[in-house]
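Letter by letter, the chains look like this.
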Amino acid sequence: MEMRKKKLPIGIENFEELRKEDFYYIDKTGLIAELLHHWGAVNLFTRPRRFGKTLNMSMLEHFFGMNGDKRIFEGLDISKETALCEEYMGKYPVVSISLKGIDALNFETAFEKAALLVRRAASKVYYLLDSDVLNEQDKANYRKLLDDPMTEAIFGDSLRVLSELLEKHHGTKVILLIDEYDVPLAKAHANGYYDQMLSLIRGLLGEALKTNHSLKLAVLTGCLRISKESIFTGLNNLKVRSITDVRFDEYFGFTDTEVKMFLEYYGYPECYAVAKRWYDGYHFGNVDVYCPWDVLNYCDALLSDKDAQPENYWINTSSNDAVKRFIEESSNAATKREIERLVAGEVITKEIHQELTYAEAYQSIDKIWSLLFTTGYLTQRGKPEGRQMKLAIPNLEIRDIFETQVMEFFKENVRKDGEMLNRFCAALQNEDPENVEKIFAAYLRKTISIRDTAVKKEMKENFYHGVLLGILGVKSRWGISSNREMGEGYADILAEPDTGDLGIIIEVKYAHNGDLDGACREALKQIEYTKYEDDLANDGVANILKYGIACYKKRCKVMLVKNR
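Computed from a prediction, not measured in an experiment: that's the story for all the values here. Sequence positions are assigned chain by chain, starting from 1 and proceeding in written order. Confidence filtering applies because this is a predicted model: local features only for residues at pLDDT of at least 70, side-chain atom pairs given and counted only at 80 or more, and all residues used for totals across whole chains, interfaces and linings. Side-chain measures here rest on the full set of heavy atoms in the structure, leaving out hydrogens and waters.

*Asks:* Where do I start with the sheet that holds strand 14 (residues 479–482) in this structure?
*Replies:* Two pairing modes exist for strands in a sheet, parallel and antiparallel, and in both the strands are linked by backbone hydrogen bonds. Taken in spatial order, the 5 strands of this open sheet run 14-15-16-17-18, and their pairing is mixed. Either end of the sheet is taken by a strand with one partner, and the two such strands are strand 14 and strand 18 (555–563). Adjacent strand axes in the sheet meet at a mean angle of 20° when their direction is disregarded. Two strands pair under a simple rule: DSSP has to find at least two bridges between them. Only DSSP runs of H or I covering at least 4 residues are called helices, and only runs of E covering at least 2 are called strands; the numbering of each starts at the N terminus. Two elements, strand 15 (residues 493–496) and strand 16 (residues 502–510), share 3 bridges in a ladder whose sense is antiparallel. The residue of strand 16 that forms the bridge with I493 is I506. Contacts from helix 20 (residues 433–446) reach strand 17 (543–552) and strand 18, with the element oriented near 150° to strand 18. Every axis corresponds to a line fitted to the C-alpha atoms, with the helix fit spanning only the stretch in contact, and the corresponding angles, defined between N-to-C directions, vary from 0 to 180 degrees. Contacts are assigned to residue pairs that have any heavy atoms within 4.5 Å of one another.

*Asks:* How should the side chain of N212 be read in this particular structure?
*Replies:* Its place among the elements puts N212 in the loop between helix 9 (194–209) and strand 4 (215–222). Per-residue accessibility, obtained with a 1.4 Å probe over protein chains only, is compared with the maximum for each type, and a residue is labelled buried under 20%, exposed over 50%, and partly exposed between these values. What makes N212 buried here is its relative accessible area of 7%. In protein, a polar contact requires one atom able to donate a hydrogen and another able to accept it; more generally it is a pair of N or O atoms within 3.5 Å, and residues adjacent in sequence count only if both atoms are side-chain atoms. A distance of 3.0 Å separates a polar atom in the side chain of N212 from the backbone oxygen of A208. Reaching out from N212, the side chain makes a polar contact with the backbone nitrogen of S214 at a distance of 3.0 Å. Ignoring anything within four residues of it in the chain, the contact list for N212 reads L159, R160, S163 and E207.

*Asks:* Even after reading the chapter, I still don't get the packing of aromatic side chains, so can you show me in this structure?
*Replies:* The geometry of an aromatic ring pair is captured by the separation of the ring centres together with the interplanar angle, meaning the angle of the planes. Think of it this way: a Phe, Tyr or Trp ring, Trp meaning its six-membered ring, pairs with another when their centres are within 6.5 Å, and the plane angle makes it stacked under 30 degrees, edge-to-face over 60, tilted otherwise. Per the counting criterion, the structure on display carries 34 aromatic pairs. Seen in terms of ring centroids, Y24 and F262 are 5.0 Å apart; in terms of plane orientation they differ by 75°. Their pairing is edge-to-face. Taken together, the residues Y24 in the loop between helix 1 (15–20) and helix 2 (30–37) and F262 in helix 11 (residues 256–265) connect sequence positions 238 residues apart. Ring centres 6.1 Å apart and planes at 40° place the aromatic pair F424 and F440 in the tilted group. Of this pair, F424 sits in helix 19 (residues 418–429) while F440 sits in helix 20, placing them 16 residues apart in sequence. Residue F440 is classed as buried on the basis of its relative accessible area of 1%. Counting every residue linked through ring pairs, the aromatic cluster contains F15, Y25, F63, F64, F73, Y88 and Y92. In this analysis the charged atom, NZ for Lys or CZ for Arg, is taken to sit over a ring once it is within 6 Å of the ring centre and within 35 degrees of the ring normal. Its end group placed over the ring of F23, K7 keeps NZ or CZ at 4.7 Å from the ring centre. A cation sits over an aromatic face here: R49 above W314, 5.1 Å from the ring centre.

*Asks:* Sorry, what's going on with the packing of helix 2 against helix 3 (residues 53–64) here?
*Replies:* Relative orientation and spacing of two packed helices are given, respectively, by the angle between their axes and the distance between those axes. Two elements in contact, helix 2 and helix 3, have axes whose closest approach is 10 Å; the angle formed by their N-to-C orientations is 70°. When the interaxial angle is binned, helix 2 and helix 3 end up roughly perpendicular. The crossing of helix 2 and helix 3 is right-handed. Facing L31, I32, L35 and L36 of helix 2, the residues of helix 3 in contact are N56, M59, L60, F63 and F64. Basically, the charged four are Asp, Glu, Lys and Arg, the nonpolar ten are Ala, Val, Leu, Ile, Met, Phe, Trp, Tyr, Cys and Pro, and anything else, Gly included, counts as polar. Residue composition of the contact of helix 2 with helix 3, by class: 8 nonpolar, 1 polar and no charged. Note on angle classes: values under 35 degrees are labelled roughly parallel, values over 145 roughly antiparallel, values of 65 to 115 roughly perpendicular, and the remainder oblique. We call a crossing left-handed when the near helix sits turned anticlockwise from the far one by less than a right angle, and right-handed when that turn is clockwise.

*Asks:* Where do I start with helix 2 in this structure?
*Replies:* The buried fraction of helix 2 is high, at 7 of 8 residues. Turning to helix 2, its buried residues are G30, L31, I32, A33, E34, L35 and L36. Where helix 2 is buried, its residues meet strand 1 (42–46), helix 3, helix 4 (82–88) and strand 4.

*Asks:* Can you walk me through the nonpolar core in this structure?
*Replies:* Most often, soluble globular proteins have nonpolar side chains that are buried together. Judged by nonpolar contacts, the single largest core of 167 residues is most densely connected at M197, L209, F232, F402, F440 and I506. Sequence-distant contacts of F402, that is, excluding residues within four places in its chain, are made with V323, F326, I327, V343, Y377, L378 and I393. We define the nonpolar core as a collection of buried residues of types Ala, Val, Leu, Ile, Met, Phe, Trp, Tyr and Cys that are connected through side-chain atoms lying within 4.5 Å of one another. Counting residues in hydrophobic clusters, the runner-up holds 33 residues, among them L18, L31, L217 and V219.

*Asks:* Even after reading the chapter, I still don't get the sheet that holds strand 2 (residues 94–98), so can you show me in this structure?
*Replies:* Strand order in the open sheet formed by 5 strands is 2-3-4-1-6, and the pairing between neighbours is parallel. With one partner strand each, in any of the chains shown, strand 2 and strand 6 (238–241) form the two edges of the open sheet. When strand polarity is set aside, the average angle formed by the axes of neighbouring strands in this sheet is 15°. Sheet topology note: the strand 3 (residues 174–179)/strand 4 ladder contains 5 bridges and is parallel. Bridged to L176 within strand 4 is A218. Sitting on the sheet, helix 9 touches strand 1, strand 3 and strand 4, and the angle it makes with strand 4 is about 150°.

*Asks:* Can you help me understand the state of the cysteines in this one?
*Replies:* Among covalent bonds in proteins, the disulfide is the one between the sulfur atoms of two cysteines. Cysteine sulfur atoms that pair up within 2.5 Å are treated as a disulfide. Using the criterion set out here, one finds 0 disulfides in the structure. This cysteine, C299, is not joined by any disulfide, and C271 carries the nearest cysteine sulfur, 8.6 Å off. For C299, a relative accessible area of 0% corresponds to the buried category. Distance from the sulfur of C556, which forms no disulfide, to the nearest cysteine sulfur (C551) is 5.6 Å.

*Asks:* What should I look at first to understand the pairing of strand 2 in this one?
*Replies:* For a regular strand, the rule is simple: side chains alternate between the two faces of the sheet. Only one face of strand 2 is buried: it carries V95 and I97, and the other face, with V94, S96 and S98, is open. Of the pairings in the sheet, the one linking strand 2 to strand 3 comprises 5 bridges and is parallel in character. Directly across from V94, in strand 3, lies its bridge partner I175.

*Asks:* Where do I start with the packing of helix 11 against helix 13 (residues 292–304) in this structure?
*Replies:* Put simply, helix 11 and helix 13 touch, their axes get as near as 11 Å, and they point 20° apart. Here helix 11 is positioned roughly parallel relative to helix 13, judged by the angle of their axes. Regarding helix 11 and helix 13, the two cross each other, and that crossing is right-handed. Residue-level inspection shows V259, F262 and L263 of helix 11 in contact with helix 13, the latter providing V295, L296, C299 and L302.

Here's what the structure looks like:
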């Protein structure tokens, strides 16, 4: 009988649940030993979204915390470090909060959510009210943390006060874990209350990390390393472990070996190459890393259908603002070429500043490069030289996000360019292939082209097909249908102008060798046998125009055949 496989830990962020409920676990407990060997009082880990930060924080909480079942660490790497386990495991009061949920349209609501998080953390140690060690004043201070509404002053002081009370009660210093410390700042920036939120978080962290004598160790995680001046002023014991640091490089994300073993365990070793092309390609420190969220979701899809195709699992978990803003800057010709080169799989060298503030991140195209790098939309190739870094799109999944955003941006721009569109559609109706060609070519020069050396010819055709549909889609009164969507191997696009007596059939071909004329004739030959023509004839449309459009990079050729 086959052994029952362990469950896939998709979205499981509680370490104890993961270990007790028989989920597959890729051992990252080495992180605990590294932290304790390379001591830093305050440690900030910056990593892109979905790289296992929250699960690692939960692991730290369960390791140091006084309650909970410590057998969950048996058989893991950390259990071999017997001296460390003796000294640290289960020995500390832990205060753990995640700022991920502080997402609101205005500051008032955001502050209410923040206060709620602190109250929740405080109410976990309700036993302080029965403490013999704490005096009445201590208990009164503790009660203030449970009060609703909370003032900003009490909020700013809350983590420090909580630490002091816990130290006094237990006679031991406190471990402080703050997950996703920069989410409130990102949301505040997006919604226009950045300065208020900055001063709130600065107050909270300053008190908790700088003037907190009850602190044994603090660990923070986030996407961005927000500049010290703006948030960690005067904090001289901060160790920042970013994606370029060699230490801790393998503890966030899955390594190549881990993914290979993982897919083998679930019986899909043959899917390793696909998983690598789609989800690998990040480079942290000296290690190549996969995004764990994607690998887990892909494996989950395989378990229900062994022929499942890889998908973009990351796009739904994030807003992709950085990419959007980047592509909006593409009216700058140099940036447009750089985007095209990135999407084509090339490497671009840029100066990267890892210390950013959300307020300045979008101010200039130079800063946006740094933002794309720190948030995981671009990754480093080779070794950085000073601040100069070789950047590339990590994998097919992220390239898909870029391509989607390029097409979205293109469609938005098309709508703004009504006059050109009307000329294009008029030329189509007026049997004027020269002008169709001229306007389409001008459009291709203007738009960001998705040239990709790696993909098949059909994929290249998809890009031009998408551009054409985008242009035609603006004519809301025209009937536009596309067989590509219906999965039939015939003509690409049928446009029926609102005059009702005309059908326009368009076939797009990619001239992979640059022979536009040949590809155009091939397109026309393909149109000869389409269902579209029969359908139109049955509807009594006698006037049918057939266009063959061949494209190669930014050039195109248009030919017309008439049916009367």
